[in-house]
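One letter stands for each residue in the lines below.
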Amino acid sequence: MKPAITITYCRQCNWMLRAGWMAQELLSTFSEELGSVTLVPGTGGIFTIEVDGELIWERKRDGGFPDVKTLKGRVRDRVDPDRDLGHVEHANTDE
C-alpha cells in the first residue's frame, strides 16, 4: 500500500491555500510513490504534516512552515529514501 500524506491546517488562519500548494508540490514530485494527500481543516493555529500517521512537520515545534526543499526531503526520507530530488535538493541556499 502506498503512503498517505495528511496536511492539517488552521482554517481560521486562512492556511488552506498554503496547504493546497504543499499538497500540489508533493503530488507533482511523488506522483508514483504516494497513495493520497489529504487536507484536513482544523483550528487554533494548527499546521501539521504526517506520512502514514507519523508527524514529520509541526508548525509550533518546527518553527513555522517548511520550505519546499525541507518538505520534499522529509517526505522522500519516508517514501523513497534512495531517491535524488535533483535541483531542489542541490540548490545553493546562500543566495
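Along each chain, residues carry numbers from 1 onward, in the same order as the chain's sequence is written. With pLDDT at 70 or above as the cut-off, local features in this predicted model cover only qualifying residues; side-chain atom pairs require 80 or more to be listed or tallied, and sums for whole chains, interfaces and linings still use all residues. Side-chain metrics rest on all non-hydrogen atoms present in the structure, leaving aside hydrogens and water.

Colleague: Tell me about the environment of Arg74, and please be specific about residues and values.
Modeller: Each helix is a run of H or I in the DSSP string that is no shorter than four residues. Each strand is a run of E no shorter than two, and both are numbered from the N terminus. Mapped onto the fold, Arg74 is located in helix α3 (residues 68–79). Setting aside residues no more than four positions away along its own chain, Arg74 makes contact with Ile56, Trp57, Arg61 and Asp62. Note on contacts: a residue pair qualifies if any of its non-hydrogen atoms lie within 4.5 Å across the two residues.

Colleague: Describe the pattern of salt bridges, and please don't skip the residues or the numbers.
Modeller: In what follows, salt bridge is the name for a side-chain nitrogen of Lys or Arg lying within 4 Å of a carboxyl oxygen of Asp or Glu. This model, assessed by the stated rule, comprises six salt bridges. Ionic pairing is found between Glu33 and Arg83, a salt bridge with its closest N-O pair at 3.1 Å. Residue Glu33 is found in the loop between α1 (16–29) and β2 (36–42), and its partner Arg83 is found in the loop between α3 and α4 (87–90); the two are separated by 50 residues along the sequence. The buried label applies to any residue whose accessible area, calculated with a 1.4 Å probe on protein chains only, is under 20% of its type's maximum; exposed applies above 50%, and partly exposed to all values in between. We classify Arg83 as partly exposed; its relative accessible area is 24%. Between Arg74 and Asp62 there is a salt bridge whose closest N-O contact spans 3.8 Å. With Arg74 in helix α3 and Asp62 in helix α2 (residues 59–62), this pair connects stretches of sequence that are twelve residues apart. With a relative accessible area of 24%, Asp62 lands in the partly exposed category. Shared partners join several salt bridges into a network, and the residues in it are Arg61, Asp62 and Arg74.

Colleague: How would you explain unusual backbone geometry if you had to name every residue and give the values?
Modeller: Excluding glycine, a negative phi dihedral is what most residues carry, and trans is how most peptide bonds are arranged. Of note in the backbone geometry, Asn14 takes a positive phi value of approximately 60° without being a glycine. Position of Asn14 relative to the elements: it lies in the loop between β1 (4–10) and α1. Judged by relative accessible area, Asn14 falls into the exposed class, the value being 65%. In this model, Asp52 sits at a positive phi of 50°, which is unusual for a non-glycine residue. Overall, Asp52 belongs to the exposed group, its relative accessible area being 54%.

Nothing here speaks to function; it is all geometry.
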